[in-house]
Protein chains: 2
Amino acid sequence: MSGPQDTIIRELLELAARPEVISFAGGLPSPEGFPVEDVREAAEHVIRTAGRQALQYSSTEGEPELRRAIAALETSRGVETSPDEVQIVSGSQQALDLIARLFIDEGSRILVENPTYMGALLAFKNCGPTFGLLPTDAAGLNPAALDDSFKGARFAYVMPTYANPTGMTMTEERRIVLAQKAKELDLWLVEDDPYGELWYEKRAPKSLRAWAPERTLRLGTLSKVLSPGLRLGYICGPREVLDKISLLKQSIDLHTSTLTQKIAARVIESGKLEAHLPQVRELYRTQGTAMLQALKEFMPEGVTWTEVEGGMFIWVTLPESIDTTELMREAVANNVAFVPGAPFYALGGNRNHLRLSFVTVPVPRIREGIERLGKLIASKL
Amino acid sequence: MSGPQDTIIRELLELAARPEVISFAGGLPSPEGFPVEDVREAAEHVIRTAGRQALQYSSTEGEPELRRAIAALETSRGVETSPDEVQIVSGSQQALDLIARLFIDEGSRILVENPTYMGALLAFKNCGPTFGLLPTDAAGLNPAALDDSFKGARFAYVMPTYANPTGMTMTEERRIVLAQKAKELDLWLVEDDPYGELWYEKRAPKSLRAWAPERTLRLGTLSKVLSPGLRLGYICGPREVLDKISLLKQSIDLHTSTLTQKIAARVIESGKLEAHLPQVRELYRTQGTAMLQALKEFMPEGVTWTEVEGGMFIWVTLPESIDTTELMREAVANNVAFVPGAPFYALGGNRNHLRLSFVTVPVPRIREGIERLGKLIASKL
């Protein structure tokens with residue numbers, strides 16, 4: 001974020017951190033979902049059995065055991081992946097930066113959803129691209145509408161599963177069409193998937209990479225399912241692109257922490273990540289469902305939201321007369337907070353949306369907060 | 001490294017990894033110097049007492065306790081530093097990248113020593129600068145020779161203490177002159193100091209930052225004294241520059257691992273880092289001294305080297321008729337390895353130098369390897 005409006009939002013988010021505020025403005029996973037004891041045991045094991053290696057420099061591509069573990073996870077989730085097709089990075093945010101630096105020259109065009117993840121826009125903007133907007137309809141990204149006018153873009157950045165900020169998920173049919181269009185238009189797909197494992201009732205459709213492995217860079221992360229504090233993400237893609245990414249990464253931070261990589265590999269290999277996931281899913285499902293229910297009860301007519309099936313966010317659309325950045329000030333004064341939608345739009349506009357996160361708020365507080373927010377919105381209509 | 005010559009060097013370095021090769025080509029600290037047990041205890045303590053925080057997102061500036069610990073260390077070493085003047089980064093290499101991206105536009109001029117750290121050249125080159133060479137004499141960087149022609153450079157990158165690759169150290173007098181010149185010429189100083197704590201007999205002169213705090217960005221790292229696998233470095237400097245660096249870092253990797261920061265803070269705060277350092281110094285002193293002695297015994301006339309007083313490297317100058325990149329091939333065939341000097345020169349040339357590291361080689365092997373290398377060089381004269 002930059003610019004005066006973003007400064008306002010940042011200041012309001014600071015106010016929202018007061019304990020009396022029910023904050024739906026968070027983007028952090030719930031610490032209740034962290035497998036602290038599993039990480040402790042893994043750290044103990046790693047340092048006792050391979051302490052010197054864990055504290056030494058590692059290779060830029062990543063620790064072999066973590067690459068193996070990630071490849072096995074990806075394969076088990078429906079996309080055959082070899083360790084060679086995995087590059088470890090310091091969180092998905094670094095993947096976005098690396099891809100931006102590799103693919104974008106000043107002025108080159110990239111395609112994004114509208115709205116899209118704010119942190120991706122920030123990473124891309126460092127490299128001075130121009131933004132093209134991917135075509136959408138009521139069900140989100142509509143790949144059938146991709147025509148020759150989208151040719152020549154450096155890549156299309158998409159978050160097909162439980163997206164940040166919208167919570168929406170692309171159907172399998174649309175994923176297949178998008179992959180097909182990418183081939184026809186000679187387009188790289190950058191598939192960002194931080195939330196895919198956080199499904200509530202059933203798993204989302206398979207990764208885009210299943211349908212266009214030769215032109216998809218798939219970004220994954222352990223931040224939402226294991227721990228963001230480890231700063232571990234990964235890119236799955238063709239080795240020849242990963243070679244370039246690795247060479248660039250070497251010059252910018254040598255490699256990602258050996259110790260945290262070995263700890264994560266141990267947690268995954270021992271089966272504890274998979275064993276732990278149902279608990280996180282259940283926590284998020286309960287709270288997400290409670291928020292959907294509360295929205296139904298307490299939102300005035302004219303307000304709509306995404307019926308999310310996984311992930312951390314619900315996207316709310318207000319009547320166009322309401323500017324959510326302005327609303328935020330009053331909301332915080334009423335001890336309830338959200339993230340205004342404007343910064344998620346690459347080209348601005350669209351000031352009547354807001355993003356809600358429920359993952360760190362207990363159910364009774366969710367209901368209380370949504371009721372408060374509903375009343376505030378109703379007073380504006 | 002890039003270009004065909006660098007490919008040759010990379011291939012030779014791979015050959016040098018064979019166990020029968022006595023390799024002085026390493027740049028890695030000795031794992032014998034890692035305080036594995038201290039790190040284990042710290043990890044255990046951190047995860048037990050603050051597990052959820054250690055696994056959660058952190059602030060881009062860095063964990064408060066690590067910033068405090070670093071500030072205290074810096075202050076104890078002669079430069080009054082507040083936690084506010086400390087930015088945590090993912091190893092010094094990331095500091096180089098951040099500074100390059102903040103200070104360098106395509107074509108802007110930066111000043112470097114000749115030779116200088118290869119990894120810094122790589123980080124800087126990503127941003128397309130032109131290189132100016134800092135004036136030197138037999139004692140290394142000679143700041144008295146800095147005149148108005150150096151004005152307008154974005155910064156001067158210097159490694160004043162036990163430099164990589166030369167092992168040389170600037171005198172206190174020269175540091176004071178450099179700081180004075182920086183003020184006169186309105187020049188930023190980027191002081192890279194990864195090896196300062198690795199002194200053998202007595203501590204090196206104080207940081208450049210002591211003499212020009214308002215225009216020095218001082219880079220430190222825990223990689224050589226604690227563990228490179230934690231990927232922890234830091235930048236000390238004026239808060240207004242750190243604010244810009246922090247904003248940039250946020251968009252490229254959010255922040256550095258919370259867990260590794262908390263572990264390092266615990267090791268430092270408990271006094272274990274300071275307690276552990278004498279052992280590393282003694283290890284490096286013993287091996288460095290053995291190598292200096294072996295060079296005296298086994299090198300033919302016409303070969304010179306730096307009489308290092310700390311750090312990890314000795315720089316050897318051969319008669320100009322010998323190209324060390326070519327020599328490397330034969331050396332590896334003779335089961336001894338070094339790093340050819342050419343890639344350390346921003347503008348190329350200077351093909352008759354080589355860098356030796358002794359830190360991972362036991363004394364008898366150091367003597368054996370230098371004897372072998374001496375014979376090989378003698379055969380070329």
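Structure: above.
Structural notes, computed from the coordinates. Keep in mind that what you see is a predicted model, and the values were worked out from it rather than measured.

Basis of the calculations
Residues numbered from 1 in each chain as written. Chains lettered and ligands numbered in written order. Predicted model: local features only at pLDDT ≥ 70, side-chain atom pairs only at ≥ 80, totals over all residues. Heavy atoms only, no water. Helix = DSSP H or I, 4+ residues; strand = E, 2+ residues; numbered from the N terminus. Rg over C-alpha atoms; globule rule 2.2 N^0.38 Å. Buried < 20%, exposed > 50% of the residue type's maximum accessible area, 1.4 Å probe, protein only. Contact = heavy atoms within 4.5 Å. Pairing = 2+ DSSP bridges. Axes fitted to C-alpha atoms, helices over the stretch in contact; angles between N-to-C directions. Least-squares fit on C-alpha atoms with pLDDT ≥ 70 in both. Buried area = accessible area lost by both parts, 1.4 Å probe. Salt bridge = Lys/Arg side-chain N within 4 Å of Asp/Glu carboxyl O. Polar contact = N/O pair within 3.5 Å; in protein donor to acceptor, adjacent residues only side chain to side chain. Nonpolar A, V, L, I, M, F, W, Y, C, P; charged D, E, K, R; others polar. Core = buried A, V, L, I, M, F, W, Y, C linked by side-chain atoms within 4.5 Å. Parallel < 35°, antiparallel > 145°, perpendicular 65-115°, else oblique. Left-handed = near helix turned anticlockwise from the far one by under 90°.

**A word on the overall build of chain A**
- Across its full length, chain A holds eleven helices and 15 strands.
- Taking 381 residues into account, the globule formula puts the C-alpha radius of gyration at 21 Å, and chain A, at 21 Å, falls close to it.
- With respect to the principal axes defined by its C-alpha atoms, chain A has extents near 60 × 50 × 40 Å.
- Buried residues in chain A amount to 62% of all 381 residues.
- The contacts in chain A between residues at least 6 apart in sequence include a share of 77% that link residues at least 24 apart.

**Let's talk about the pairing of strand β9 (residues 216–221) of chain A**
Residues and elements named next belong to chain A.
- Along β9, six of the six residues are buried, which leaves the element largely enclosed by surrounding structure.
- Side chains Thr216, Arg218 and Gly220 project from β9 onto one buried face, and the interleaved Leu217, Leu219 and Thr221 project onto a second face that is buried too.
- Bridge count between strand β8 (residues 189–192) and β9: four bridges; the pairing is parallel. Looking across to β9, one finds that Glu191 is bridged to Arg218.
- Direction of pairing for β9 relative to strand β10 (residues 233–236): antiparallel, over a ladder of four bridges. Across the sheet, the residue bridging to Thr221 is Gly233, located in β10.

**As for the sheet that holds strand β4 (residues 130–133) of chain A**
All names here are of chain A.
- If you trace the seven strands from one edge of the open sheet to the other, you get β2-β10-β9-β8-β7-β3-β4, paired in mixed fashion. The open sheet has two edge strands with one neighbour each: β2 (86–89) and β4. Going across the sheet, the axis of each strand differs from the next one's by a mean of 25 degrees, ignoring polarity.
- Note: strand β3 (residues 109–112) against β4, four bridges, orientation parallel. Bridged to Arg109 within β4 is Thr130.

**A few points about the relation of the copies chain A and chain B**
- Overlaying chain A on chain B yields an RMSD of 0.0 Å, the required transformation being a rotation through 180 degrees with an accompanying axial translation of 0.0 Å. Taken together, these values place the two copies in the relation of a two-fold axis.
- Mapped onto chain B, 100% of the interface residues of chain A are again interface residues, and the two copies thus contact each other with one and the same surface.

**Side note on the interface of chain A and chain B**
- Tallying the contact residues gives 46 residues for chain A and 46 residues for chain B.
- When chain A packs against chain B, close to 4100 Å² is buried across both sides, 61% of that on carbon and sulfur atoms.
- Linking chain A to chain B there are four salt bridges.
- Among the salt bridges present, the one from Arg101 of chain B reaches Asp97 of chain A, with a minimum N-O distance of 3.0 Å.
- If you look at where chain A meets chain B, you find 26 residue pairs in polar contact (both at pLDDT 80 or more).
- Of all the elements in the fold, those that place two or more residues in the side of chain A that touches chain B are α2 (36–55), α4 (92–103), α5 (118–125), α7 (239–253) and α8 (258–269) of chain A.
- Take the side of chain A that touches chain B: its biggest share by element is eleven residues, from α2 of chain A.
- Its residues assigned to classes, the side of chain A that touches chain B comprises 20 nonpolar, 16 polar and ten charged.

**What to know about the nonpolar core**
- Grouped together as the largest cluster of nonpolar side chains are 226 residues, with contacts concentrated most on Phe124, Tyr157 and Leu356 of chain A together with Phe124, Tyr157 and Leu356 of chain B.
- Residues in contact with Tyr157 of chain B, not counting those within four places in the same chain, are Leu96, Leu111, Val112, Glu113, Thr116, Tyr117, Ala120, Phe124, Leu134, Val190 and Asp192 of chain B.

**A closer look at the pattern of salt bridges**
All names here are of chain A.
- Under the defined criterion, the tally for this structure stands at 60 salt bridges over all chains.
- The salt bridge partner of Asp253 is Lys249, with a shortest N-O separation of 3.0 Å. With a gap of four residues between them, Asp253 and Lys249 both fall in helix α7, about one helical turn apart. Pair check on accessibility: Asp253 and Lys249 agree, each one buried.

**Looking at the packing of helix α9 (residues 272–298) of chain B against helix α11 (residues 363–378) of chain B**
Residues and elements named next belong to chain B.
- Axis separation between α9 and α11 bottoms out at 9 Å; the angle between their running directions is 30 degrees. Classified by the angle between their axes, α9 and α11 sit roughly parallel to one another. Pair α9 / α11 crosses with right-handed handedness. In this structure, α9 uses Thr286, Gln287, Ala290, Met291, Gln293, Ala294, Leu295, Glu297 and Phe298 to contact α11, whose residues at the interface are Val363, Ile366, Arg367, Ile370, Glu371 and Gly374.
- Partitioned by chemical class, the residues of the contact of α9 with α11 number eight nonpolar, four polar and three charged.

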